[in-house]
Amino acid sequence: GNKNINAKLVLLGDVGAGKSSLVLRFVKGQFVEFQESTIGAAFFSQTLAVNDATVKFEIWDTAGQERYHSLAPMYYRGAAAAIIVYDITNQASASFERAKKWVQELQAQGNPNMVMALAGNKADLLDARKVTAEASTLDAQVYAQENGLFFMETSAKTASNVNDIFYEIAKRLPRV
Ligand code: GTP
Ligand code: MG
């Protein structure tokens, strides 16, 4: 029969990577060019139907600013899923490096069965990456594969792959 699953999901990543924008797109179907930087964290919920189940995501959109780092465990503790977001246009891959740090922290302190997705966000700005585009996508793919995440390039602006990433998580959640 159809199952109802409640899943706590946390978004982590560098300041400005687009965590809030991805959530706003997923939950409300909206995008704002001047999204305000998150203070502390924000809570949302959204339900998604997959083949055999209805998944209610309880979403914690955390703040990327370093001064909020110590709050993060409250949001990832007990989480069934995480989306680690980085900005693909970010100079010198600082945003990607920050994403890797979050993955390490989750691997060390998070729920070992956590479903983890890596989102390379702002894919609509693909051209801004110029020649490094393909190399950095490949890096992210290899990194994700080696660390047990799945990888998608997303755009909160165009909605590309936004529902898809939540859907892929929903499919991977344990059916208990
Ligand atoms: P913090 O809350 O400070 O940690 O940042 P955040 O990760 O929540 O980023 P936020 O969603 O606030 O987005 C930062 C800026 O990037 C905003 O001006 C957004 O409009 C913009 N932005 C987010 N996603 C996209 C995207 O997919 N494409 C483009 N072009 N801009 C985006
Ligand atoms: Mg935010």
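Above this text you will find the structure in question.
About the thresholds
Residues numbered from 1 in each chain as written. Chains lettered and ligands numbered in written order. Predicted model: local features only at pLDDT ≥ 70, side-chain atom pairs only at ≥ 80, totals over all residues. Heavy atoms only, no water. Helix = DSSP H or I, 4+ residues; strand = E, 2+ residues; numbered from the N terminus. Rg over C-alpha atoms; globule rule 2.2 N^0.38 Å. Contact = heavy atoms within 4.5 Å. Near = heavy atom within 4 Å. Polar contact = N/O pair within 3.5 Å; in protein donor to acceptor, adjacent residues only side chain to side chain. Nonpolar A, V, L, I, M, F, W, Y, C, P; charged D, E, K, R; others polar. Buried < 20%, exposed > 50% of the residue type's maximum accessible area, 1.4 Å probe, protein only. Pairing = 2+ DSSP bridges. Donors = N, O, S within 2.8 Å, 3.2 Å for Na, K, Ca; no water. Phe/Tyr/Trp six-rings, centres within 6.5 Å; stacked < 30°, edge-to-face > 60°. Lys NZ or Arg CZ within 6 Å of the ring centre and 35° of its normal.

> Provide a residue-level description of the overall build of the protein chain, including the pertinent values.
Within the protein chain, the secondary structure is distributed over five helices and six strands. By the compact-globule yardstick of 16 Å for 176 residues, the protein chain fits well, its C-alpha radius of gyration being 15 Å. Taken along the three principal axes of its C-alpha coordinates, the protein chain extends 50 × 35 × 30 Å. Taking the intrachain contacts of the protein chain between residues at least 6 apart in sequence as the baseline, contacts between residues at least 24 apart amount to 74%.

> Tell me about the site of ligand 1, and please be specific about residues and values.
Surveying the vicinity of ligand 1 reveals 24 residues, the closest of which are Lys19, Ser21, Glu33, Ser37 and Gly64. Within the contact set of ligand 1, an oxygen atom lies 2.7 Å away from a backbone nitrogen or oxygen of Glu33. Within the backbone of Thr38, a nitrogen or oxygen atom sits 2.8 Å from an oxygen atom of ligand 1. For the shell around ligand 1, the class distribution of residues is seven nonpolar, ten polar and seven charged.

> How would you explain the pairing of strand E1 (residues 3–13) if you had to name every residue and give the values?
Most of E1 is tucked away, with eight of its eleven residues classed as buried. With nine bridges connecting them, E1 and strand E3 (residues 53–62) associate as parallel partners. The partner of Leu11 across the bridge, within E3, is Asp61. Of the strand pairs in this sheet, E1 and strand E4 (residues 81–87) are connected by five bridges, and their pairing is parallel.

> An account of the coordination of the magnesium ion (ligand 2) is requested, with residue identities and associated values reported.
Distances from the magnesium ion (ligand 2) to its protein donors, namely Ser20 (OG) and Thr38 (OG1), fall within the range 2.1 Å. In this pair, Ser20 sits in helix H1 (residues 19–28) while Thr38 sits in the loop between H1 and strand E2 (41–50), placing the two residues 18 residues apart along the sequence. By the burial criterion, Ser20 is buried, and Thr38 matches it.

> A description of the packing of aromatic side chains should follow, citing residues and the corresponding values.
By the definition in use, this model includes seven aromatic pairs. Taking 4.9 Å as the distance between ring centres and 40° as the angle between the ring planes, the aromatic pair formed by Trp60 and Tyr75 counts as tilted. On the criterion of sequence distance, the pair formed by Trp60 in strand E3 and Tyr75 in helix H2 (residues 72–76) is long-range, its members being 15 residues apart. Judged by relative accessible area, Trp60 falls into the partly exposed class, the value being 25%. Among the residues examined, Tyr75 registers a relative accessible area of 12% and is labelled buried. An aromatic cluster is built from Phe26, Phe57 and Phe166, whose rings are joined through pairwise contacts. When the ring centre of Phe150 is taken as reference, the NZ or CZ atom of Arg172 above it lies at 4.2 Å.

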